[in-house]
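Listed below are the residues making up each chain.
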Amino acid sequence: MRIALIAHDQKKDAIVALATEFAPLLRQHTLMGTGTTGGRLQTEVGLTVERLLSGPLGGDLQIGARLSVGEVDCVIFLRDPMTAQPHEPDISALLRACDVHNVPCATNVATARVLLGEMGRLR
C-alpha cells in the first residue's frame, strides 16, 4: 500500500511514537509524508519516506493530488484540533478528497491504531 503520513506540529511526537509502534508494518509499504513529518520519521524511526513539501507550502495539496489519481491508498493525518492552521483550506481539501475517493483516513491516534492494526491483521 501507499501510505501518506502527516502531522501538525503539536502532533509530530505522536506520529513518531505511532510509527515506532508500527514500524515493522510500515516498512512493508511505500510511505510518503509532508516535509518535517517525513524527516522526523526517517531520522527518528528509520523509515524510508518520500518527503514532499511541508503542509503550509503545499504538501497537503501534493498528497491530495496523488490521492485523486489513485496513488495513495491510506492517509494518517494527525491533526491538532485546538490550533488554527493557516492552510486550513488545503487540509479540508485533502480530507474531502479522501471521502470522494473512498480512501481510509485516520485523523487521530486511536483511529490510526485501528487502521494500522487492521492492515497488519490482513497481511
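Residues numbered from 1 in each chain as written. Predicted model: local features only at pLDDT ≥ 70, side-chain atom pairs only at ≥ 80, totals over all residues. Heavy atoms only, no water.

A. Focus on the environment of Thr43. Note that Thr43 resides in helix H3 (residues 35-45). The exposed category is assigned to Thr43, whose relative accessible area is 67%. Placed 27 residues apart in sequence, Thr43 and Val16 show a C-alpha to C-alpha distance of 10.0 Å. (Helix = DSSP H or I, 4+ residues; strand = E, 2+ residues; numbered from the N terminus. Buried < 20%, exposed > 50% of the residue type's maximum accessible area, 1.4 Å probe, protein only.)

B. Structural context of the packing of helix H4 (residues 59-68) against helix H5 (residues 88-100). Look at H4 against H5: their axes get within 9 Å of each other, and the N-to-C directions meet at 20 degrees. When the interaxial angle is binned, H4 and H5 end up roughly parallel. When the axes of H4 and H5 are compared, the crossing they make is left-handed. From H4, Asp60, Leu61, Ile63, Gly64 and Leu67 reach across to H5, where they touch Asp90, Ile91, Leu94, Ala97 and Cys98. In terms of residue class, the contact of H4 with H5 is made up of seven nonpolar, one polar and two charged. (Axes fitted to C-alpha atoms, helices over the stretch in contact; angles between N-to-C directions. Parallel < 35°, antiparallel > 145°, perpendicular 65-115°, else oblique. Left-handed = near helix turned anticlockwise from the far one by under 90°. Contact = heavy atoms within 4.5 Å. Nonpolar A, V, L, I, M, F, W, Y, C, P; charged D, E, K, R; others polar.)

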